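Take a look at the letters that make up each chain.
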Amino acid sequence: MSDADPDADPSAEADGSGHGDASIDGHSSVDGDPSAAAAAEADAGERRRLGAVVLAVLISQVLLYPGVPGLVVALGAPAGIDAGMWFLVAEFGAFVTFAVVWGALSDALGTRVPLIVTGALGGAASYVALASLPGLGFGFEAALLVRVVGGALTIGAFSLSITLLMDLRGGNGRNMGTAGLAIGLGAAVGSVVGGALADMGALYPVYAGAVVLAAAGLLAVTVDDRAATSGTATATTEPGADAEATDTDDVGFRDVLARARTTPGLLVPLAFGFVDRLTAGFFALVGVYYFQDPATFGLSAAGAGATLALFFVPFALLQSPFGALSDRIGRFLPVVAGSLAYGVVTIGVGVAPAYPIAAGLMVLVGVCGALMAPATMALVTDLVKPEVRGAAMGLFNVFGSLGFLTGFLIGGSATDAFGYTPAFLAVGGLELAIAIALLPAVRSISPGAGVIGRLGAEG
């Protein structure tokens, strides 16, 4: 539900969720209701557990990245960046292909937790299989195939954990802030620990990733699976409940996909998700080389990693408060202002004349990213009905994975052809262009909670 909906109930936007006084499990959320207090406490526990699942999945994934050059050689590939690129592309290609499949399947089946557990434990098994390949005499082609299978499984655990966060009360911004905090901390912890493990042995990060991903699956078992009741609760607490209840009870896999794809305004957060992840992929590839290049700052690998942490730490820690802020003031200001600032600061990193300035700007990049990321994900929840949330978040992750891939390609190609400064200008400029071009669209679909949000929504 959004401001563009003429039938919208203003009370339904008070928490940015679009559910109003009726929560997804049918309990009243009116202030002072004891059942509401108990439900809020239960949701807080669920939020922490789901955040831990997302954190574990991200750690397991990023653990491998610092040691990729040595890992691909251990798996039978020749040394060089091409093998490392295909090793990463195999996983992200599977992310793109299967994210929506998992989401739509969970919506059609009316369950999420069993699928999360299946994805996590299956992904852990793929890590064990990957580490076993050298001893079994299989080559790098087999490793790429295992990466595809592992990616197809892991994206299910990742995407559906975030979707289950979407199903909680407490404000979509707060829930997506929890997801963003887990993502940021997972990237930071995984990169630091993975680098240390890679120095001990090329396959050590793979074994560690299997353990962490299996732990994520076991933790997911303890989470309440409310997906089966979310659509019914919404249907029975809104006008026209009888007709809508019948409609959602019979929803199938194809219908779920069709509804998610045709949701008005959904392309707006998908576009922002794409370009935001594009810049993240750019920093993951080009940023490392940029800070280590003797022609720029000449840092060591450890120094470059610490510099990237200047981005990851504020990005992680500020997600939850900024997500809650978007519930109070609306999505418009965090998404648009955050994206504009993010683009400007990204360009600033690329033209910084001295390392202390670049390092300070990296902190600001993390702050700006934390401002816009949870609000962007919360827009997805604002726009779609509960029965198609899994498919919608799957689409969001498809666009995000495509953004990562594009960031690798644009960043590497532009840097190789023109140098660092033009590459930073291109990526930062793209962020600015998207924010400016989609400003009216964000204003039209953003829930107008709070004074600033309503001013943005009303133009």
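Further up the page is the structure itself.
Residues numbered from 1 in each chain as written. Predicted model: local features only at pLDDT ≥ 70, side-chain atom pairs only at ≥ 80, totals over all residues. Heavy atoms only, no water.

**Notes on the overall build of the chain**
- Helix and strand counts for the chain come out as 19 helices and zero strands.
- For the chain, the residues scored as buried account for 54% of the 459 residues in total.
- Look at the contacts in the chain between residues 6 or more apart in sequence, and 82% of them connect residues 24 or more apart.
- Here the chain has roughly 17,300 Å² of accessible surface; of this, 70% comes from carbon and sulfur atoms. (Helix = DSSP H or I, 4+ residues; strand = E, 2+ residues; numbered from the N terminus. Buried < 20%, exposed > 50% of the residue type's maximum accessible area, 1.4 Å probe, protein only. Contact = heavy atoms within 4.5 Å. Areas by Shrake-Rupley, 256 points an atom, 1.4 Å probe, with all protein chains shown as cover.)

**Side note on helix H5 (residues 140-166)**
- If you check H5, its first and last C-alpha atoms are 38 Å apart, about what 27 residues at 1.5 Å a residue would give, namely 39 Å.
- Most of H5 is tucked away, with 20 of its 27 residues classed as buried. (Expected span 1.5 Å × (residues − 1).)

**A word on the nonpolar core**
- In terms of nonpolar packing, the biggest core is built from 51 residues, with Val54, Val57, Ile116, Phe158, Ile162, Met176 and Leu266 touching the most fellow members.
- Those elements that provide at least two residues to this core are helix H1 (34-62), helix H3 (81-109), helix H4 (113-136), H5, helix H6 (172-200), helix H7 (204-220), helix H15 (355-383) and helix H16 (389-418).
- Excluding its chain neighbours within four sequence positions, the residues that come into contact with Phe158 are Val54, Val57, Leu58, Ile183 and Asn397. (Core = buried A, V, L, I, M, F, W, Y, C linked by side-chain atoms within 4.5 Å.)

**Focus: the side chain of Ser159**
- Take Ser159: it is sitting in helix H5.
- Discounting residues that sit within four places of it in the chain, Ser159 has contacts with Met393, Gly394 and Asn397.

**Examining the pattern of salt bridges**
- Scanning all chains against the criterion turns up four salt bridges.
- Between Arg331 and Asp327 there is a salt bridge, with its nearest N and O atoms 2.9 Å apart. Comparing Arg331 with Asp327 shows no difference in burial state: the two are buried. (Salt bridge = Lys/Arg side-chain N within 4 Å of Asp/Glu carboxyl O.)

**A word on the packing of helix H14 (residues 332-351) against H15**
- As a packed pair, H14 and H15 sit with axes 8 Å apart at the nearest point and diverge in direction by 155°. Accordingly, the angle class assigned to the pair H14 and H15 is roughly antiparallel. Read as a crossing pair, H14 and H15 show a hand that is left-handed. Packed against H14, whose contacting residues are Pro334, Val335, Gly338, Ser339, Ala341, Tyr342, Val345, Thr346, Gly348 and Val349, the element H15 presents Ala358, Leu361, Met362, Leu364, Val365, Cys368, Gly369, Leu371, Met372, Ala375, Thr376 and Leu379 at the interface.
- Across the contact of H14 with H15, the residue classes break down as 16 nonpolar, six polar and no charged. (Axes fitted to C-alpha atoms, helices over the stretch in contact; angles between N-to-C directions. Parallel < 35°, antiparallel > 145°, perpendicular 65-115°, else oblique. Left-handed = near helix turned anticlockwise from the far one by under 90°. Nonpolar A, V, L, I, M, F, W, Y, C, P; charged D, E, K, R; others polar.)

**Points about the packing of H4 against H5**
- At their nearest, the axes of H4 and H5 sit 8 Å apart, and the two run at 155° to each other. The orientation of H4 with respect to H5, classified from their angle, is roughly antiparallel. Between H4 and H5 lies a crossing whose hand is left-handed. Facing H4, whose interface residues are Val113, Leu115, Ile116, Gly119, Ala120, Gly122, Gly123, Ser126, Tyr127, Ala129, Leu130 and Leu133, H5 presents Ala142, Ala143, Val146, Arg147, Gly150, Leu153, Thr154, Ala157, Leu160, Ser161 and Leu164.
- Grouping the constituent residues of the contact of H4 with H5 by class yields 15 nonpolar, seven polar and one charged.

**Structural notes on H14**
- Between the first and last C-alpha of H14 there are 29 Å, a value that for 20 residues agrees with the 28 Å anticipated at 1.5 Å per step.
- Of all 20 residues making up H14, 14 are buried, and the element is well covered by its neighbours.

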